[in-house]
Protein chains: 2
Amino acid sequence: MKRLGIIISGRGSNMVALAEAVANGTVPGTEVAVVISNIPTAGGLELARERGIPTFVHDHRGVSREEHDRQMAEELQRRGVDLVCLAGYMRLLSPWFISEFENRILNIHPSLLPAFTGLDAQRQAFEYGVGYTGCTVHLVDRQLDHGPIVRQSVVPVLADDDVERLAARILAAEHRLYPEAVNLILSGRYRIEGRRVLAT
Amino acid sequence: MKRLGIIISGRGSNMVALAEAVANGTVPGTEVAVVISNIPTAGGLELARERGIPTFVHDHRGVSREEHDRQMAEELQRRGVDLVCLAGYMRLLSPWFISEFENRILNIHPSLLPAFTGLDAQRQAFEYGVGYTGCTVHLVDRQLDHGPIVRQSVVPVLADDDVERLAARILAAEHRLYPEAVNLILSGRYRIEGRRVLAT
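Since this is a predicted model, take the numbers as computed values, not measurements. (Residues numbered from 1 in each chain as written. Chains lettered and ligands numbered in written order. Predicted model: local features only at pLDDT ≥ 70, side-chain atom pairs only at ≥ 80, totals over all residues. Heavy atoms only, no water.)

Attention now goes to the pattern of salt bridges. Overall, the coordinates contain 26 salt bridges over all chains when judged by the stated rule. Residues E31 of chain B and R3 of chain B are paired through a salt bridge, measuring 2.5 Å at the closest nitrogen-oxygen approach. One end of the pair, E31 of chain B, is in strand β2 (residues 30–37); the other, R3 of chain B, is in strand β1 (residues 2–8), with 28 residues separating them in the sequence. Ionic pairing is found between E46 of chain B and R49 of chain B, a salt bridge with its closest N-O pair at 3.5 Å. Of the two residues, E46 of chain B and R49 of chain B are both situated in helix α2 (residues 43–50); the distance of three residues between them amounts to about one turn of the helix. Under the relative-accessibility criterion, E46 of chain B is labelled partly exposed at 42%. Given the relative accessible area of 42%, R49 of chain B is considered partly exposed. One connected set of salt bridges, linked through shared partners, spans E75, R78 and R79 of chain A. (Salt bridge = Lys/Arg side-chain N within 4 Å of Asp/Glu carboxyl O. Helix = DSSP H or I, 4+ residues; strand = E, 2+ residues; numbered from the N terminus. Buried < 20%, exposed > 50% of the residue type's maximum accessible area, 1.4 Å probe, protein only.)

A separate point is the packing of helix α1 (residues 13–23) of chain B against helix α6 (residues 163–187) of chain B. All names here are of chain B. Look at α1 against α6: their axes get within 9 Å of each other, and the N-to-C directions meet at 50°. It follows from the interaxial angle that α1 and α6 lie oblique. As for the relative orientation of α1 and α6, their crossing is right-handed in sense. On the side of α1, the interface is formed by S13, N14, A17, L18 and A21, while α6 contributes L171, E174, H175, Y178, P179 and V182. Classifying every residue of the contact of α1 with α6 gives seven nonpolar, three polar and one charged. (Axes fitted to C-alpha atoms, helices over the stretch in contact; angles between N-to-C directions. Parallel < 35°, antiparallel > 145°, perpendicular 65-115°, else oblique. Left-handed = near helix turned anticlockwise from the far one by under 90°. Contact = heavy atoms within 4.5 Å. Nonpolar A, V, L, I, M, F, W, Y, C, P; charged D, E, K, R; others polar.)

This paragraph deals with the side chain of N14 of chain B. Residue and element names in this part refer to chain B. Assignment of secondary structure puts N14 in helix α1. What makes N14 buried here is its relative accessible area of 6%. A polar contact of 2.8 Å, which involves the side chain of N14, links it to the side chain of E174. Every residue in contact with N14, bar those within four places of it in the chain, is listed here: A87, I108, L171, E174, H175 and Y178. (Polar contact = N/O pair within 3.5 Å; in protein donor to acceptor, adjacent residues only side chain to side chain.)

Another aspect to go through is the confidence of the model for chain A. Of all residues in chain A, 100% attain a pLDDT of 70 or more, and the chain-wide mean is 97. Scored as a complex, the prediction yields pTM 0.96 and ipTM 0.95. (pLDDT = per-residue confidence, 0-100.)

Bringing the interface of chain A and chain B into the picture now. Taken residue by residue, the interface counts 22 residues in chain A and 22 residues in chain B. Taken together, the two surfaces of chain A and chain B that pack against each other cover about 1900 Å², and 61% of this comes from carbon and sulfur. It is P114, Y128 and R196 of chain A that lose the most area in chain A upon contact with chain B, and together they represent 35% of the buried surface on that side. Taken together, the connections running from chain A to chain B amount to zero salt bridges. Take the side of chain A that touches chain B: its biggest share by element is four residues, from strand β7 (residues 149–156) of chain A. Along the lines of polarity and charge, the residues of the side of chain A that touches chain B split into 12 nonpolar, five polar and five charged. (Buried area = accessible area lost by both parts, 1.4 Å probe.)

Grouped together as the largest cluster of nonpolar side chains are 96 residues, with contacts concentrated most on I6, L106 and V182 of chain A together with I6, L106 and V182 of chain B. Leaving out residues up to four positions away in the same chain, I6 of chain B has contacts with M15, L18, V32, V34, V35, I36, C85 and A87 of chain B. (Core = buried A, V, L, I, M, F, W, Y, C linked by side-chain atoms within 4.5 Å.)

Printed below as a string of structure tokens:
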């Protein structure tokens, strides 16, 4: 069995999508080993517990970033995690953590990277007036929203959209995309050429 | 009849696509009034002449950018041009020219803007490892590849692509997209809200 660790800060809707994809066989041969949150009140923690998934809360306040990350890493290693999935984790990871799990951390971002990095990407895209936006699953490197792209999904901006409707359609696309990307990485059937992630 | 002026520097394949769209009624009620090139040897000039389209060559060398642009503007105004279409024009336009034809200049760029501005956008996208790129028709403002987006078209990057194959598919998409964008702008059935170009 491959083992996923999922790190959240909020409602964890992508965590739930991954847990369901594991449960229904869309991501086969895999279990969610732990859900970690830096926010004790994150709504996703209860959703994980309801599914029988172990949770681990480690408040980031009052400790350095690296100390916080070392405690997360210890929990992930204790659980034998093969792949770390960020799912609405609202903190930057320390370079130490990124090295420790090199090419074993995925993030999902609600835009077609490299366009619209950072916060509120759906609104950035809407206000820019693009015809298409979407979402991206990428390997995490030391730059924000920057590592090699594993999978992208395109979402059109419709004539009668507002930011909320657009964001809801992007989120639905994220829930489909993340399990696909996890499958590719867990299968090991890819190679990285420059920045390109190529299925093999 | 609405009148287009098309400005090129090279082979002018998007100019030919627009001329054909005008000829076959895809862009109705319109004629190509003039094709302007800053390069006397541009291949597109001969292709325009073969189609009976007036051409105007104005070498940019030895004159200031604004002086060059004033002579282009004079020719465009003499021909009664309603809309200026850049089609592989490899120079920046002066602020004077952009003001003179405010919201009446279109450009086509081979990426999903705002990603991959500037030269060699197809290679930039390929090397970045995106899953999707495409092309964008936008109104020209004073920043490079920046004005309000009129239309975009998505082109997937395929597993066996190289830059040349990808660029060829993007170019084919450009040839379909540019006439659609010209139709919208010539129809006048749009409004600009912030950066968003909305059909009305």
